[in-house]
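A structural walkthrough
Listed below, chain by chain, are the residues.
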Amino acid sequence: MTRMFTAKTLALGLVAAGLLTAPALADDRPGPDWMPIEGAVRALEGAGYSGVRGLEADDGMWEGKAVKDGRSVKVKVDPHSGAVTEKAAKKAEKRDRDGDDD
């Protein structure tokens, strides 16, 4: 009886854990209404970025890295509108711009 109860409890726990993580995983895959990855690359290039790499679905956006004005930056592309958001420069490039190591 205890063994059967333990097995059922374990099975229910695994199902519950799967249900709780499912929404998080859904944001890491392109939705059916998203522009294709090629469209995200075109949006970035149209906004003046080049060298686009590592583009992937993450948190409901296309995210990756690109080069603009000679610096490497992290970028996000809205999968519906194609709007581009620049996140942050790499630490090494920040160090080069301000002359220190922070």
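Scroll up a little and you will see the structure.
As a starting point, this report considers the structure included with it.

Rules behind the numbers
Residues numbered from 1 in each chain as written. Predicted model: local features only at pLDDT ≥ 70, side-chain atom pairs only at ≥ 80, totals over all residues. Heavy atoms only, no water. Helix = DSSP H or I, 4+ residues; strand = E, 2+ residues; numbered from the N terminus. Buried < 20%, exposed > 50% of the residue type's maximum accessible area, 1.4 Å probe, protein only. Contact = heavy atoms within 4.5 Å. Polar contact = N/O pair within 3.5 Å; in protein donor to acceptor, adjacent residues only side chain to side chain.

What follows concerns the environment of Asp78. Position of Asp78 relative to the elements: it lies in the loop between β3 (71-77) and β4 (84-89). On the basis of relative accessibility, which here comes to 22%, the residue Asp78 falls in the partly exposed class. The sequence separation of Asp78 and Ala40 amounts to 38 residues, and the corresponding C-alpha distance is 8.1 Å. In contact with Asp78, not counting residues within four places along its chain, are Met35, Met61 and Ala83. Within the local environment of Asp78, its side chain forms a polar contact with the backbone nitrogen of His80, the two atoms lying 2.7 Å apart.

Mapped onto the elements, Ser72 comes out in strand β3. A relative accessible area of 7% places Ser72 in the buried class. Separated by 2.7 Å, the side chains of Ser72 and Arg53 make a polar contact.

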